[in-house]
Amino acid sequence: MNKVASLRASLCGVFALALLFALACGAPTEQAAPSAPAAADTQAQQAAPDATAAPAQQQQAAPTATTALAQPAGMSDASAGGAAPTAAPEPTEAPAAELGAPVQADLRVAITPPYAENLLGWRVGGTNQGMLQPMQEALFQRDYQTWEARPMLAESWSVSPDGKEWNIKLRENVPFHHEEDTFGVSDFVFSFQLWSHPEAKTGFGDFWHQILGPDSDDQRSYDVDALGSAPTVTEVSDSEMVWNMNRPELWIPFYASEATTDPLIYSLDYWEKVGEGEYGLNPVGTGPWKFVNYEQGARLEYERAFDDHWRINPDFDTLTFFFAEEDLTRVAMLRAKEADIAEIPRELQGEIVNAGFAITQSTLPAFMVWIGIGGQYLEDRYDPNDPNTNVLVRRAMNHAIDREALNEAFFDNKMELMANTGWHPTDPSFDPAWEIPAYDPDASRQLLAEAGYTDGSGPNIEFMAGKLVGVPELTEIAVPIISWLEEVGFEVDAQIGEFQPIRTRYKAREMNGVLWTHRTGFWPAGRNMRVYFVSPTLAGAVYMYEDPFTEDLFTKWQSSVDEAERLQLMKDAGQYMYDQSATMPLGFLFAEFGINPEVIASYSVNNS
């Protein structure tokens, strides 16, 4: 532990990108997080602590270990939105709160830069699209407490008993920001064509191609169909459509929601008028904020889109994301009041609190953190000489690292340790008999000996680490992890820097002999299986573990419409992944970030 602490000190020392609004001495007129405290009144604002003169009680305060304010239920087929051919429930009204008045016009947010930047979200995908969600909306949204589907641009929906036909009615008269067109069926189809574009970087592009695209691996709808039109989507009217999908899928309101970041809606009318180049320079959407200015690597600026947005009216006139790679830069920006919200590593949060600022956290777990074990591919990419393909080596890796020491040194004991990557205890397919891998260097050495490494030199592996928004500690934890692996015999080539090279290699399925730090949102097991643990044939995205047994289980799961059968299949998949030590699970984290209480009276992210 002392070694880890010293390593931590030697390293100089989230905000969720899906930010749509903040409670800043006031709250949106709709959909305030139910568990968020009421905003401060004017008197409280005037009494907010100064950045340089903190009260004594605040000087002695420090971030405390996270206790779960709430835990989401595991997502069932019913909450996913497709268990039965019935209309979606009406959204729950948010409770009223006592609100103050905004004290400034601009909301300023300092975050780790996305590892790829482009204002056309489908060209960067995943995490990188989060900064675009203030501007663009999706068909659905989620209740993160229950996982239930809620209307967004889709008002109601139903699904046939076989899970292949979806009828979706859209909200009418929702304008795009250029105010020359309103959202309709053709805009959805055009957006789907971009998500599944041959050059798309979206995590779910293959998924959308498989359910709505041409019956060909070599052709995409963008190339062979007229823009805004696809044979699988019947336009009943401009605000109603029927999907006749290529296979069953019960989780459509999940995959087409803001939760997955990919399915942002684009304007066909604007695209046809200005072309892709201009769209990428001056994008439009239907969200409560509209694009103003972008400086790559520096900032992204929005302003209030409409006087009265159909869904939510922001408290601020403008919203600015500042991109700051260095942790200490974001700390300095908050302390200098150049940012109102800032992503602060957990090890530096005490400094912020002592300076009179506050640390706030998401109402639900927001991140899942683990170490990927690359090279576990199907036959077309399988390398029998890759040590990562040996289950004994993978078990040795898991017993080589001290998760409790990492938690204490880098996460202030705020991480809920994880037994099996992708399965949280609240998920219906979780098995409480699963155990968190114990730190046992002797057992690790013994497992390596059983794997054939008996001469004192262990396997040669690469270890890659890069920062991702929300968990800036990903590069810092690599140092002790590499040290522990070397102590039990592994020979490690360390590469610590940007995340983009990691993504490039795992997307190309070229991670043979590689370990890498990774984080994702807090998701149900079915989504995690699709993204991380199946091959391209089944529309995987990260290809972290491929096996004929799990391929078969997932194929049956996604084709079944029987809830009991699907639950058992997902349980079987989880058990197999656990038995195979498919990854090196670390834990679950709440999103945490620093706020200036003079500006932000209350802010609570209810989002994965």
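In short, a report on the structure. (Residues numbered from 1 in each chain as written. Predicted model: local features only at pLDDT ≥ 70, side-chain atom pairs only at ≥ 80, totals over all residues. Heavy atoms only, no water.)

### Side note on the pattern of salt bridges
Then comes step 1: Enumeration over the complete set of coordinates arrives at 26 salt bridges.
Then comes step 2: Between E180 and K273 there is a salt bridge whose closest N-O contact spans 2.6 Å. Residue E180 is found in the loop between β5 (165-170) and α5 (185-195), and its partner K273 is found in helix α9 (residues 268-281); the two are separated by 93 residues along the sequence.
Then comes step 3: Here E592 and K414 are joined by a salt bridge, their closest N and O atoms 3.0 Å apart. Taken together, the residues E592 in strand β17 (residues 584-595) and K414 in the loop between α13 (403-411) and β13 (416-417) connect sequence positions 178 residues apart. Each of the two residues, E592 as well as K414, counts as buried.
Then comes step 4: Each of R346, K414, E473 and E592 takes part in a single network of salt bridges with overlapping partners. (Salt bridge = Lys/Arg side-chain N within 4 Å of Asp/Glu carboxyl O. Helix = DSSP H or I, 4+ residues; strand = E, 2+ residues; numbered from the N terminus. Buried < 20%, exposed > 50% of the residue type's maximum accessible area, 1.4 Å probe, protein only.)

### Quick word on the side chain of E301
Then comes step 1: If you trace the backbone, E301 turns up in strand β9 (residues 299-304).
Then comes step 2: No salt bridge forms around the buried E301; measuring N to O, its nearest opposite-charge neighbour R299 is 4.3 Å away.
Then comes step 3: Excluding anything up to four places from it in sequence, E301 contacts K290, F291, V292, N293, E295, L319 and T320. (Lys, Arg positive; Asp, Glu negative; His and termini not counted. Contact = heavy atoms within 4.5 Å.)

### Things to note about the pairing of strand β15 (residues 491-497)
Then comes step 1: Examined bridge by bridge, strand β14 (residues 460-466) and β15 share seven bridges and lie parallel to one another. Each bridged residue has a counterpart across the sheet, and for F463 the counterpart in β15 is A494.
Then comes step 2: For the crossover from β14 across helix α15 (residues 478-487) to β15, the handedness is right-handed. (Pairing = 2+ DSSP bridges. Right-handed = clockwise from strand over helix to strand, strands pointing away.)

### Brief notes about α13
Then comes step 1: Burial analysis of α13 places seven of its nine residues in the buried class, the great majority of the element.
Then comes step 2: Every buried residue of α13 is listed here: R403, A405, L406, N407, A409, F410 and F411.
Then comes step 3: A positive phi of about 50° marks D412, the residue just after α13.

Nothing here speaks to function; it is all geometry.
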